[in-house]
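Here is what each chain is made of, one letter per residue.
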Amino acid sequence: MRVETLLIPDRDVRALLPMRECIEVMAHALRSVTEEKSILPLRTVIRLPDTPNAFACMPAVLGAGPSAALGAKVSTVFPGNDATPYDSHIGVVLLFDAGNGALLAIADASSVTAIRTAAVSGVATRVLATEDASELAILGAGVLAMPHLEAVRCVRPIRRVRVWSRSAARAHEFAKRARPAHDIEVSVCETAREAVTGAHVVCTITASRTPILEGKWLSRGAHVNAVGASLPSARELDTAAVRNARLFVDRKESALSEAGDFLIPRAEGAINDSHILGELGELLAGRITGRLNGDQITLFKSLGLAVEDVAAVQHVYEKARATGSGTSIALGGLRTQT
């Protein structure tokens, strides 16, 4: 008898985690957080001295008993990689058997993170954006751009896309790939303001530490997914954008500790803790109300939760076993028989 661990590389993750499925997996995971059916400590982050780089560990348990999803994401975050061939987030997600503690799977974290992050934005867009939202603005053209386009299109009838990036070359490359992939009109904008003006849904997915989106640019009824900033000292939105919106988060405890998009306006005295109206899981469970009318601006601040990674890899692992995907290796775990 051997303990088999399944290695699931990038190509298999992408094949086994289509966006529409992942949106439903994320909705279930987010409800589990709200319904206290998961264990989710704050992430542990080690900052590398004199750099913006970090090493992070994000553990979580989803569910209870032997069938629970037990695991952790272990990754590096190197924002400067945007200018290199490397992803900004590199690592693995580990999935363990909650019955005996055996290591079931090691999955590529870059692809898991990109897909589940966009899927959560898809969930937020589904519950907060106006039903007829058809104009999408994407600020940032890195690895999260294409998954976000796919996720938003899964839940709203998007007909036109405007993209802006500090790297014009990257924005044009995204547009070149997105047009045939989605058979949709994609325009590259010279400024973030040009991209945002008139948009019904806005996704900010940059590595910027200072605001690239101003509240005065947003149209009535717009919905914003603020995704890129995940440090208390970093934000993509200015104070007006946050103050004037109905704000929802993936997890309140995380937002109060890590979300610069919220913490900086609070430190300025523009808002207080009550400005966070609730979590996505509460919206999904029907405990709170999101948009009250078609003119309100809604905002989802995403930080990314370990329970999302673990839920995604459990889904991928079960499909991989059913389809014969991945590569099995024996790493040990059984006591040596004498």
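Residues numbered from 1 in each chain as written. Predicted model: local features only at pLDDT ≥ 70, side-chain atom pairs only at ≥ 80, totals over all residues. Heavy atoms only, no water.

S.K.: Whenever I open this one, the pairing of strand β13 (residues 246–249) confuses me. Can you help?
M.R.: Both faces of the sheet carry side chains from a regular strand, because those side chains alternate between them. Residues of β13 alternate between two faces, with Arg-246 and Phe-248 on one and Leu-247 and Val-249 on the opposite face, all of them buried. As paired elements, β13 and strand β15 (residues 298–301) share four bridges and run parallel to each other. Residue Val-249 lies in a different strand from β15, and its bridge partner there is Lys-301. Of the pairings in the sheet, the one linking β13 to strand β14 (residues 276–279) comprises three bridges and is parallel in character. Within the sheet, the bridge partner assigned to Leu-247 lies in β14 and is Ile-276. (Buried < 20%, exposed > 50% of the residue type's maximum accessible area, 1.4 Å probe, protein only. Helix = DSSP H or I, 4+ residues; strand = E, 2+ residues; numbered from the N terminus. Pairing = 2+ DSSP bridges.)

S.K.: Can you help me understand the packing of helix α3 (residues 109–128) against helix α4 (residues 145–155) in this one?
M.R.: Each pair of packed helices gets described by two things: the angle between the helix axes and the distance between those axes. Two elements in contact, α3 and α4, have axes whose closest approach is 8 Å; the angle formed by their N-to-C orientations is 30 degrees. Once α3 is placed against α4, the crossing between them reads as right-handed. Touching Ala-114, Thr-117, Ala-118, Ala-119, Ser-121, Gly-122, Thr-125 and Arg-126 of α3 are Pro-147, His-148, Ala-151, Val-152 and Val-155, all from α4. Partitioned by chemical class, the residues of the contact of α3 with α4 number seven nonpolar, five polar and one charged. (Axes fitted to C-alpha atoms, helices over the stretch in contact; angles between N-to-C directions. Left-handed = near helix turned anticlockwise from the far one by under 90°. Contact = heavy atoms within 4.5 Å. Nonpolar A, V, L, I, M, F, W, Y, C, P; charged D, E, K, R; others polar.)

S.K.: What is the right way to read the packing of helix α2 (residues 19–34) against helix α11 (residues 306–323) from this model?
M.R.: It is the contact of α2 with α11, at a shortest axis distance of 9 Å, that shows an interaxial angle of 135 degrees. Comparing their axes, α11 and α2 come out oblique. Seen along the crossing, α2 lies across α11 with a hand that is right-handed. Facing Glu-21, Val-25, Met-26, Ala-29, Leu-30, Ser-32 and Val-33 of α2, the residues of α11 in contact are Val-307, Glu-308, Ala-311, Ala-312, His-315 and Lys-319. A per-class count over the contact of α2 with α11 returns eight nonpolar, two polar and three charged. (Parallel < 35°, antiparallel > 145°, perpendicular 65-115°, else oblique.)

S.K.: What's the story with the pattern of salt bridges in this structure? I'm lost.
M.R.: If the charged atoms of two oppositely charged side chains come close together, the side chains can form a pair. Scanning the model with the defined rule gives 18 salt bridges in all. With its nearest N and O atoms 2.8 Å apart, the salt bridge here joins Arg-116 to Asp-309. With a gap of 193 residues between them, Arg-116 in helix α3 and Asp-309 in helix α11 connect regions that are remote in the sequence. By the burial criterion, Arg-116 is buried, and Asp-309 matches it. A salt bridge links Glu-135 to Arg-160; the shortest N-O distance between them is 2.5 Å. Linking Glu-135 in strand β8 (residues 135–139) with Arg-160 in strand β9 (residues 160–164), this pair joins segments that are 25 residues apart in sequence. A single network of salt bridges, built from pairs that share partners, joins Lys-73, Arg-116, Glu-308 and Asp-309. (Salt bridge = Lys/Arg side-chain N within 4 Å of Asp/Glu carboxyl O.)

S.K.: Any chance you could explain the sheet that holds β13 here in plain terms?
M.R.: Hydrogen bonds between backbone atoms are what pair the strands of a sheet, whose relative direction is either parallel or antiparallel. Here eight strands make up an open sheet; going across it, the order is β10-β9-β8-β11-β12-β15-β13-β14 and the pairing parallel. Two strands lie at the open edges of the sheet, namely β10 (185–188) and β14, each paired on one side alone. For this sheet, the mean angle separating the axes of adjacent strands, direction not counted, is 20 degrees. Inspection of the sheet shows β8 paired to β9 by five bridges, in the parallel sense. Residue pairing in the sheet places Leu-139 in a bridge with Trp-164 of β9.

S.K.: Help me out: how do you make sense of the pairing of strand β11 (residues 201–204) in this one?
M.R.: With burial as the criterion, each face of β11 is covered, one bearing Val-201 and Cys-203 and the other bearing Val-202 and Thr-204. Pairing of β8 with β11 involves four bridges; the strand directions are parallel. Considered in β11, the bridge of Leu-139 is made with Thr-204.

S.K.: Just checking my understanding: could you explain α4 for this structure?
M.R.: Among the 11 residues in α4, nine count as buried, and that is most of the element. Within the span of α4, buried status applies to Ala-145, Met-146, Pro-147, His-148, Leu-149, Ala-151, Val-152, Cys-154 and Val-155. The elements touched by buried residues of α4 are α2, α3, β8, β9, α5 (168–182) and β11.

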